[in-house]
Amino acid sequence: MEKKYWRSLDELQQTDTFVQESSREFAQELPIESLWSDGAGIQSSRRDFLKYCGFGLSAAALAACNKTPVKKAIPFVMHPEEISPSLPNWYASTYFDGHDYASVLVKTREGRPIKLEGNKLSSLNQGGLNARVQASVLGVYDEERIQEPEIEGQKASWEEWLGEVVQDLSGASVGSVLLLTPSVVSPMTKSLLQQLISRYPAIKHVVMDHQSVSGILEANEASFGLAAIPSLRFDKAKVILGIGADFLGNWVSPTEFTRQWSSGRRPSKESPGMSRHIQFETILSLTGSNADTRYTYRSSQEALVVANLYNAVAKIAGRNPLDAPALELAGNAIAQTAKELWAARGVSLVVCGSNVPEVQLLVNGINDMLGNYGSTLDWSSPWQVLQGRDSQVSQALSDLQSGQYKAVIINQVNPVYASAQGSSWAKALKGVRCYGFTLRRNESMALCRALAPASHVLESWGDAEPRQGHFSLMQPAIAPLFNSRTWDEVMLGLLGRQEKVYDVLRNSWIARASGLGVASDFSAFWRKILHDGVLQKQGSSQVTFKGFDSSAITNSLKVSKLLETSSKGLNLVVYSKLGMGDGRLAHIPWLQEMPDPITKACWDNYLMVSMVTAQSRGLKDGDMVRIKADGVKQEIPVLVQPGLFADTCALAMGYGQQFAGKAGTGVGVNAAPWIRSCGFVNIESLEKTGETYQIAQTQTHHTIEGRLHVKETTLTEYAANPASGNVRPYVSVRQDDGSTKKVYPGVSRDAITLWQKRDYEGHHWAMAIDLNACTGCGSCVVSCQVENNVPVVGKQEVLNRREMHWIRIDRYYNFDNQGEGTTTRRIDQENEYSGIDKPDQVSVLFQPIMCHQCDNAPCETVCPVLATVHSSEGLNQMVYNRCVGTRYCANNCPYKVRRFNWFSYIDNPQFYNNPAQTDLGRMVLNPDVTVRARGVMEKCTFCVQRIQAGKLDGKRKGMRPVDGSIQTACQESCPAGAIVFGDLNDPQSEVSRLFLNERTYGVVEELNVLPSVNFLTKVRNTTPVQA
Amino acid sequence: MFESPTRRPLITGKTSYSQITEDIIKPIEAKPTKWWYLGFTVSLAALGLWLLSVTYLLFTGVGVWGLNKTVDWGWDITNFVWWVGIGHAGTLISAVLLLFRQKWRTAVNRSAEAMTIFAVICAGSYPLLHAGRPWLIYWVFPLPNTYGSLWSNFNSPLLWDVFAISTYLTVSLVFWYVGLIPDLATIRDRAVGLRKKIYGLMSFGWNGSAKGWQRFESVSLILAGLSTPLVLSVHTIVSFDFATSVIPGWHTTIFPPYFVAGAVFSGFAMVQTLLIIMRKSMRLEQYITLNHIDVMNKIILVTGSIVGSAYITEFFIAWYSAVPYEQYAFVNRAFGPYWWAYWTMMTCNVITPQLFWSRKLRRSLTASFIISIFVNIGMWFERFVIIVTSLHRDYLPSSWLMYSPTWVEIGMYIGSLGLFFTLFFLFAKFLPVIAVAEVKSIYKTSSEEEIAKTASKEGINLQEAHAHTNGAH
């Protein structure tokens, strides 16, 4: 039987009490009640306990959630279809800032524009892009931009701002509100302007160009009835004469002209012909430094030079001469040049930079006598980017002074800074109600009672017609970063129209499309022109030369004292630099740090004085002088410059601004007070102050010391022997039969070497640079800087000789006599030219130098940690992460192209100009290129990121990258097409063919470092053209 | 071993074994003189400047120096080579002269070796600090790592440098320390208390037994044998830093012998400078005699002449090579913008040592001191000339430019002298500056007293004999 144990009698007996008690959890009632209640009779249960627990827990949890990590990377809720991380998107657009026009391709990465390239479909810039447009992309990411509309210093809404303007416009009498704008190239803007003016008759619209070509426009209006500039065909011209026209640098449409000029100067073995370029000028311009023959004249005698040339041509042509005093330049230059121009009549071209209408009329007369109209000067699609008339601008100023205007609307121009009458403008503007529409504050905008932020070009919809019949579209690459609008949007606002500017643009194109004969599918047409960026139709202008009254011209010139033969005193010439232009982009540090192509100086303007003046007045580089000209006094540092006419001083415009941000404010002095349409002012006094000033130059040794780094020949010699001037080093090697054979290590690579022969199985990247095409403009320097995140280091570091540019353009001077041979003087002291007889007769050589990617690279062997190594494709790779910074590689580089990160440029406050130091500025960095840390070496890699992208593209398509599909940044931006990059392993590639050209050589190839960059000799066409 | 009594004595005056111990060990036990305090304070101040400059350098970047895009080495590597050169005398004296049984070395070898070690420490600081990212400099060592094939570049002379200098420092340090052991034991035996414990520990239980001495001698010889090739190799390899490059003025096959001679030259000059100061300030005239000074000067004369010939040979070869870059490099050295550096070098290194053909000047303390300083200045400029004038104008004239140092570079140079002298003053205070045991080993043969005894035994008139041999050894 089962045993049974019990604990108590009650259990055994299963009494009622026991059964009742046993169902309870605790033998005794717990004193919860007395514990929980505070005596007020609040009852709480276990349920309550759990509630309290739950509340406490969730309260603690909520409190703990207070500092939720903020996730800044917010994924797209709706992923834009076209944006793939790490893949760039390209948009065709148009750049126009009031002076520079370019059809561009905008490279965007993850929605931000990071680089501009030239649009190859555009006949104007043909893929080239000048330095300023290259750098303009940084203007989007500018923290100093005006971000909100403001009225009298107070933040306002757009409605308020527009309301203020409308109020001033509505009640005003006809022509009492001055609207000052830059040239208007957009057909849409033009039609909106018309509507605006008809709606508000109070508006008087005046176009103001900071650098006007007013003289040519007025002359052409008189000669042809068209205030425009014909298409100049430097490619078709056999003899080109530039008179003070820097057409390769800053005159009219330099990017287009550079492409044309260089395409007319590519002699080959088969057709050894090229244009002959003669330049008459006062200062050494980029164009003059590229001329075959160059003569200097006194700037005050420009009109006289043109008149004498007219007479010389007229004499040959049997026409009536002008009544002008006779003048001849050194070496009978005018008579000689007239003969050459006549010999090439019909295919010659004379251009002049003068802004005096009478002088331009004479130039038109010369071109007409030479029969150049219709061939090298083509009126069918005239160029109409710059439209400003100096006379209208000065009229506007006097009207303003006389109180005719009650209000002024200033749209993106800066008369106070950029006009010669700047102080008068300032005074006059203070008296009226001024409205400003601008990207950035400037001297004029500071006088406005209300300011409105303008959208950057890359944030805007728009169009342009830079040439008649040549259209291009502007589309935004990024949404406006600030509360800004385009000028077209502002006009729509003023008109009270609610449409979006995009619709207005599209509708205007629907109207235009029917005129252009686009029959059916507008959408497809629209998509195509938006994709292409340009639409080019032949213009229809038909004009003929009307001739002119020569006595009226000479009388007028005599009245303005421009035909005087006296040659006393110093002249001051105001010119514009390639990097700075008129200074509207002075806040962009890339342009400040871009060395001037001629002086190699950056971060300053300075008074260029001729070597003769320097000697006679005891001036040397960096001396401060006090200069007084036409009543204006300034203190400026001196830079002694060869190539200047003896009695000439020159000062660049675009400097001395008060509102150019941290990069440009206070840099240099303002030259605008001395801008004259005649091109010069007389210097009343020039004296040393005794102080000195340091001018930062990236090159301080200016002659080539007789070394053959830049090889040159003349066209005559080239025609006789294509390899003339190109003596290449060789080694005599004994053959088995005892004879010796010349082996050219630069040609048959790896012929002589201690090293193991390198096999480049896939690609072998190389570059050929045609020194005959390169003008030295420096567009590549900025392009490379933008592409490769090259830091800006500032003036002090340039003075310390530590600029970081991966590509530089070496510029050498050579002094010879009348172009007879190329004798080279040795100049051993830095910045020293003493003992040169004719310092204005200088010939100039340009040579772009970047890493040569040597096959036997001296840098590679000396690195102790293998931070720079050779790739299987011939690239000399820099492994930033591995670099410890011994700098032996830089010492051992024969080309001195390696650049060291001396400091932490990305966070050391000394380098505040570096775009990478601000949150907004960092947006412009190329995500494909590492931003280098302090203490590592860097250098050109042939844009390895582009090579890689090109190879991946080829891989995707299952083929080798097509020759020319991979372009380096320098190559792509080059307006002259001087740089060719490609694969040496592909015998059909252009670079392979160029490497076998008779003109090709490598710099210091006798070292047998086997550079992968080769140069083509420069050919000068020094022989006068005979009839 | 018999020593001809006609040789000039290497220990002058009245002395004895115990007196030698007393003379040399006493300064270690006594309180330092006020001259020591003065010197030490100045050195410490200079060391402070070094610390300041180095801290600023490390926090800011190599850009605080005056280097630029063309001249990437300046005072940093100049100082490096200069200090390495100075560090050459120690090994030569202790190793080569030991092998050649040159007894006069016993008085100078200890301080020469100490100097070597301190100089190499100073030298070593430069390659470390000149690097852009010194915290990663250990990457030059062929350390095993997880990066696959990523290793040091054995083609690079900078890597050879790492091995050469570190080997040299190690061997010199061991050699110096081994030589110190018997003397440390002597100090231990005279000391009490904590000092006895410390020196006892440092002397490795040396008990002066015959076996101990025998082993000591063997180790010395072995180390001397190991060090001898280093005398040639270290500066040869340092010269490869330049010779293996493509830069005109650097790319020169004469560099190895020329650098070695130059190093010995500058090293002896530095030893000379220090000996003359020490001899005077620590009253060691009996042990560091004019004969020692004279012998040292002769070596300076010989090596100085080798260096001078090398300079002239370089010029000849530059002309003979017909390489325009090479020719220009040398013309530029002598007549370019850095002509003053070149002519300072020529004056100090080629002309001044030639004065030592005069016996009078060789035995003049003042002349020896001044010339030794001149040689050190000249040898500094030699390195400056080679490095800077070659770099500042090489192939492409567009990159030609000038280099000048900043206060940081100057501070680091003065500071490294501070580091050197601080270490040297500490050495002079805490360790015997003359190898007591070694000097004792020549007491019987080369002290004035004993020589006089031998001479009288042999019946030689010493005065007559000395006049006859003109003091030759």
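Scoring rules and cut-offs
- Residues numbered from 1 in each chain as written.
- Chains lettered and ligands numbered in written order.
- Predicted model: local features only at pLDDT ≥ 70, side-chain atom pairs only at ≥ 80, totals over all residues.
- Helix = DSSP H or I, 4+ residues; strand = E, 2+ residues; numbered from the N terminus.
- Buried ≥ 20, exposed ≤ 12 C-beta atoms within 10 Å, placed from the backbone.
- Contact = placed C-beta atoms within 7 Å.
- Axes fitted to C-alpha atoms, helices over the stretch in contact; angles between N-to-C directions.
- Parallel < 35°, antiparallel > 145°, perpendicular 65-115°, else oblique.
- Left-handed = near helix turned anticlockwise from the far one by under 90°.
- Nonpolar A, V, L, I, M, F, W, Y, C, P; charged D, E, K, R; others polar.
- Core = buried A, V, L, I, M, F, W, Y, C linked by C-beta atoms within 7 Å.
- Pairing = 2+ DSSP bridges.
- Domains from an automatic or database assignment.

Some thoughts on the overall build of chain A
Scanning chain A for helices and strands turns up 31 helices and 41 strands. C-alpha extents for chain A along the principal axes are approximately 150 × 100 × 70 Å. Among the 1027 residues that make up chain A, the fraction classed as buried is 56%. Contacts spanning at least 24 positions in sequence make up 73% of the contacts within chain A whose residues lie at least 6 apart.

Here's the deal with the packing of helix α2 (residues 34-60) of chain B against helix α15 (residues 407-430) of chain B
Residues and elements named next belong to chain B. The contact between α2 and α15 brings their axes to 6 Å, and the two run at 140°. As judged from the angle between their axes, α2 and α15 are oblique. In the crossing of α2 with α15, the sense of the turn from one axis to the other is left-handed. Taken together, the residues of the contact of α2 with α15 break down into 19 nonpolar, eight polar and one charged.

Let's talk about the nonpolar core
Residues Val306 and Leu607 of chain A are the most contacted members of the largest nonpolar core, which totals 425 residues. Of the residues forming this core, the biggest block, 14 residues, is contributed by helix α9 (residues 255-281) of chain B. Excluding anything up to four places from it in sequence, Val306 of chain A contacts Ile243, Cys352, Val359, Leu362 and Val363 of chain A.

Section: the sheet that holds strand β12 (residues 348-352) of chain A
Residue and element names in this part refer to chain A. Sheet architecture is open: four strands sit in the order β11-β10-β9-β12, paired in parallel fashion. Each edge of the open sheet carries a strand with a single partner, namely β11 (293-296) and β12. Strand-to-strand, the axes of this sheet are offset by a mean angle of 10°, without reference to chain direction. Here strand β10 (residues 276-281) runs beside β11; their pairing, made up of four bridges, is parallel. In the sheet register, Gln279 faces β11, and the bridge partner there is Arg294. The strands touched by helix α12 (residues 333-343) within the sheet are β9 (239-243), β10, β11 and β12, with β9 carrying the most contacts at an inclination of about 140°.

Things to note about the environment of Val543 of chain A
All names here are of chain A. Note on placement: Val543 falls in the loop between β19 (534-536) and α20 (550-559). Taking the C-alpha atoms as reference points, Val543 and Leu57, 486 residues apart in sequence, are found 90 Å from one another. Discounting chain neighbours no more than four positions away, the residues touching Val543 are Phe224, Gly225, Leu226 and Trp379.

A short note on the domain arrangement of chain A
All names here are of chain A. Domain annotation of chain A identifies domain 1 (9-65), domain 2 (150-212 + 388-536), domain 3 (214-263 + 274-383), domain 4 (566-697) and domain 5 (764-1020). The C-alpha-based centres of domain 3 and domain 4 are spaced at 26 Å. Between domain 3 and domain 4, the contact holds 19 residues from the first and 22 residues from the second. Put simply, the parts of the chain that give the side of domain 3 that touches domain 4 at least two residues each are α8 (214-224) and α10 (286-289). Residues belonging to the side of domain 3 that touches domain 4 are distributed by class as follows: five nonpolar, 12 polar and two charged.

Considering the pairing of strand β13 (residues 377-383) of chain A
All names here are of chain A. Among the seven residues in β13, five count as buried, and that is most of the element. In terms of strand pairing, strand β8 (residues 229-232) meets β13 through three bridges, oriented antiparallel. If you follow Leu232 over to β13, its bridge partner there is Leu377.

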